[in-house]
Amino acid sequence: MSVEESGELPGKPWGGRFSEPTDRDVEAFTESISFDRRLYREDIEGSRAHARMLRRIGLLTEEELEQILSGLDKVAAECADGSLPLRIEWEDIHMHVEKRLVHHAGPAGLKIHTARSRNDQVATDLRLYVRREAGELSKSVEALLRRILLRALEYRNLLLPGYTHTQQAQPISGGYYFGAYAERFLRDRSRLLSVIENTNLSPLGSGALAGSTLPIDREGVARELGFSGVTQNGLDAVGDRDFVADLLHALSLLMVHLSGWAEEWVLWSTREFGLIRLPDRLLTGSSMMPQKKNPDILELIRGKTGRVFSDYGGLLVLLKGLPLSYNRDLQEDKTFLFDAIDQTKACLAMMSLAVEGMRFAEDRVAEVLKGTELLATDIAEDLVRFGMPFREAHAIVGRIVALAARKEVPLEQLSDEDFQSFSDRFPKGYAGTLSLWGSVERRSHAGGPAPRTVSRRIEAIWKDLFGEEPMPGGPLR
Ligand code: ARG
């Protein structure tokens, strides 16, 4: 029976050149269907656009196009409900879709691979996939940002110690604290959006490496797939995975931000720090120690970060030795890509829960603020205001801090006489001007912690992200 009669491609598409079937172990080693079936939507979407193009340039009749499109619908349904037969001898998602298309559409299906190679096909599928996933990831980042902004609003009047080197440094507010993470995740969001922009070119028509002699319409296919244009050199395009690396870079930095935050909260939720609490529904216990409540989700965010970095590193190592055009090594790119996406999405969801569920232990926060030296920099800046060079002021305040430590009182409880014994530039009544919250309010320049500055920034971010949707609990001031 000929191919036309059976409606099935016999064995491999390359059978003609070969004198014996592929070794089963080789098939098992070279297959990618076990993981690349995730690309089925993109593969079918690309095939639809390719078929319509073949019709436009007269290589398919209207009837053949109809048969192919309805055949592809059937393949899509099989993929979606899990009934697509999986065979390692059909290697990958591209051959599976083609095989099933021929099964459903008959001889018309034999024309789908005209002027197309799996090399430009997989490059196209991956770009469509990265574009879609980067869009979804940016939505997940927005969901996290929404929660961060709400907590910033809620805690905008909570006085907090700001740390450097994990040592108390200067007073800040809860709004400023959450606002800092908002800035980080905003940058992550814009990195994801620029990945979408850089990825958005169509490689279809590159063929195996050097295009096709047939009169293909690459721009039309690109338009139909929502690409902003076409890639400009097939030899480059079939081996280009820069856009995958761009996404993994964006995800790695996103994980840096999640992981650092997770670490901070692991520390802050210890008995020793005790600044925050997580609700029981987000904690896990110990199989042996009855008293334990552990922040495992935060630790796993920190842990999975290593995994995403290794996905990025693994991809770069995969790419570094490859000559131009398609090389089979590239098949492995998906394992890194899929894993990094899965892990990052899961971590974003967990961090959103943690942000929504945490609360500051306000009594404990007040306690750690007692007897602090957080106003030292303010006092040095006051001396500058009273006419002293900063270096000199810094040295004097160092000695004032040492005095307060000897007396075991916070700086704001020293007397006017104490201050004046160090410099006669301190005016009468100076001691009474010092307050931790006052210090937060004084730093009202752009990027500073003053409540009005923070509120304006939070509102601006909210408006950027969510437009006219009113901020629950707003407006601020
Ligand atoms: N499964 C392959 C991949 O993921 C598709 C391209 C294969 N091309 C080839 N000429 N063997 O990269």
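As the structure is a computational prediction, the values presented were derived from the model and not from experiment.

**Student:** Mind showing me how you'd approach the overall build of the chain here?
**Tutor:** Broken down by element type, the chain carries 19 helices and six strands. Principal-axis analysis of the C-alpha atoms gives the chain an extent of 105 × 55 × 45 Å. The burial tally for the chain puts 49% of its 477 residues in the buried class. Restricting to contacts in the chain with at least 6 residues of sequence separation, those with at least 24 account for 76%.

**Student:** Honestly, the packing of aromatic side chains in this entry has me stumped. Any pointers?
**Tutor:** Any aromatic ring pair is given by two values, namely how distant the centres are and how the planes are angled relative to each other. Applying the stated rule across the entire model yields 23 aromatic pairs. For the ring pair Tyr-177 and Phe-360, a centre distance of 6.1 Å and an interplane angle of 75 degrees mean the geometry is edge-to-face. Separated by 183 residues along the polypeptide, Tyr-177 in helix α8 (residues 174-199) and Phe-360 in strand β6 (residues 359-360) bring together distant segments of the chain. For the pair formed by Tyr-177 and Phe-360, the shared burial category is buried.

**Student:** Could you clarify how one ought to interpret the site of the ligand in this entry?
**Tutor:** Neighbouring the ligand are Ser-32, Asp-36, Asp-92, His-94, Arg-118, Asn-119, Val-122, Tyr-326, Arg-328, Gln-331 and Lys-334. For the ligand, a nitrogen atom lies 3.3 Å from a polar atom in the side chain of Ser-32. In the model, an oxygen atom of the ligand is placed 2.7 Å from a nitrogen or oxygen of the Lys-334 side chain. Bound to the protein, the ligand loses 87% of the 340 Å² it would expose on its own. Examining the composition of the shell around the ligand, we find that three residues originate from one element, helix α7 (residues 118-154), more than from any other. A breakdown of the residues in the shell around the ligand according to their chemical character gives two nonpolar, four polar and five charged.

**Student:** What is the right way to read unusual backbone geometry from this model?
**Tutor:** With glycine set apart, most residues show a phi of negative sign, and most peptide bonds adopt trans. Non-glycine residue Ala-115 carries a positive phi angle of around 55 degrees. Looking at the element boundaries, Ala-115 is found in the loop between α6 (93-105) and α7. Since its relative accessible area comes to 16%, Ala-115 is described here as buried. In the Ramachandran plot, Glu-408 falls in the positive-phi region, its phi being about 55 degrees despite a non-glycine side chain. Within the secondary structure layout, Glu-408 lies in the loop between α16 (390-407) and α17 (416-422). Since its relative accessible area comes to 72%, Glu-408 is described here as exposed.

**Student:** Teacher, can you tell me more about the side chain of Glu-31 here?
**Tutor:** Relative to the helices and strands, Glu-31 resides in the loop between α2 (24-30) and α3 (33-36). Within the buried core, Glu-31 has no salt-bridge partner, and the shortest N-O distance to an opposite charge, that of Arg-37, equals 7.0 Å. At a separation of 3.0 Å, a polar atom in the side chain of Glu-31 contacts the main-chain amide nitrogen of Ile-33. Setting aside chain neighbours within four positions, we find Glu-31 in contact with Ile-88, Glu-91 and Gln-331.

**Student:** What exactly am I supposed to notice about the nonpolar core here?
**Tutor:** In globular proteins that are soluble, nonpolar side chains generally tend to be buried together. The biggest cluster of nonpolar side chains holds 127 residues, and the ones touching the most others in it are Phe-178, Trp-265 and Phe-360. No other element matches helix α11 (residues 242-268), which puts 15 residues into this core. Residues within four places of Phe-178 in sequence aside, it is in contact with Ile-148, Arg-151, Ala-152, Tyr-155, Trp-261, Trp-265, Val-355, Met-358 and Phe-360.

**Student:** Got a minute to help me understand the packing of helix α4 (residues 40-56) against α6 in this structure?
**Tutor:** For any two helices packed against each other, the geometry comes down to the angle between their axes and how far apart the axes lie. The geometry of α4 relative to α6 is characterised by a closest axis approach of 10 Å and an angle of 55 degrees between their N-to-C directions. Considered as vectors, α4 and α6 are oriented oblique to each other. Here α4 runs over α6; the crossing is right-handed. Touching Tyr-40, Asp-43 and Ile-44 of α4 are Ile-93, His-94 and Val-97, all from α6. Broken down by class, the residue content of the contact of α4 with α6 amounts to four nonpolar, one polar and one charged.

**Student:** Before we go on, may I ask you to explain helix α15 (residues 376-385) in this structure?
**Tutor:** A turn of α-helix holds 3.6 residues, and therefore any two residues three or four places apart point the same way. By the burial criterion, the buried members of α15 are Ala-376, Asp-378, Ile-379, Ala-380, Asp-382 and Leu-383. Buried residues along α15 sit in contact with β2 (167-173), α16, α17 and α18 (436-442).

Calculation criteria
- Residue positions within a chain follow its written sequence, with the count starting from 1.
- Given that the model is predicted, a residue must reach a pLDDT of at least 70 before its local features are reported, and side-chain atom pairs must reach 80 or more before they are shown or counted; all residues, however, enter totals for whole chains, interfaces and linings.
- The side-chain values count all of the structure's non-hydrogen atoms but skip hydrogen atoms and water molecules.
- Helix and strand assignments come from DSSP, with helices taken as H or I runs of at least 4 residues and strands as E runs of at least 2, each series counted from the N terminus.
- For every residue, the accessible area (1.4 Å probe, protein chains only) is compared with the maximum for its type, and the residue is labelled buried under 20%, exposed over 50%, or partly exposed between those bounds.
- By the convention used here, residues are in contact when the closest approach between their heavy atoms is within 4.5 Å.
- Note on ring pairs: Phe, Tyr and Trp rings are taken, using the six-membered ring of Trp, and paired if centres are within 6.5 Å. Classes follow the plane angle, with under 30 degrees stacked, over 60 edge-to-face and the rest tilted.
- Being near a molecule or strand, for a residue, means having at least one of its heavy atoms within 4 Å of it.
- By the criterion applied in these results, polar contacts are pairs of N or O atoms within 3.5 Å in which, for protein atoms, one can donate a hydrogen and the other can accept it, and in which residues neighboring in sequence qualify only through two side-chain atoms.
- What sets the accessible areas is the Shrake-Rupley method with a 1.4 Å probe; for residues, cover comes only from the shown protein chains.
- Charged residues are taken to be Asp, Glu, Lys and Arg, nonpolar residues to be Ala, Val, Leu, Ile, Met, Phe, Trp, Tyr, Cys and Pro, and polar residues to be all remaining types, Gly included.
- When charges are counted, neither His nor the chain ends are considered; positive counts come from Lys and Arg and negative counts from Asp and Glu.
- Whenever a carboxyl oxygen of Asp or Glu lies within 4 Å of a side-chain nitrogen of Lys or Arg, that contact is scored as a salt bridge.
- Put simply, buried Ala, Val, Leu, Ile, Met, Phe, Trp, Tyr and Cys residues joined by side-chain atoms within 4.5 Å make one nonpolar core.
- Inter-axis angles, ranging from 0 to 180 degrees, are taken between N-to-C directions of lines fitted to C-alpha atoms, where helices are fitted over the stretch in contact.
- Relative orientations are named as follows: roughly parallel for angles under 35 degrees, roughly antiparallel for angles over 145 degrees, roughly perpendicular for angles from 65 to 115 degrees, and oblique for any other angle.
- For any helix crossing, the convention is left-handed if the near helix is rotated counterclockwise from the far helix by under a right angle, and right-handed if that rotation is clockwise.

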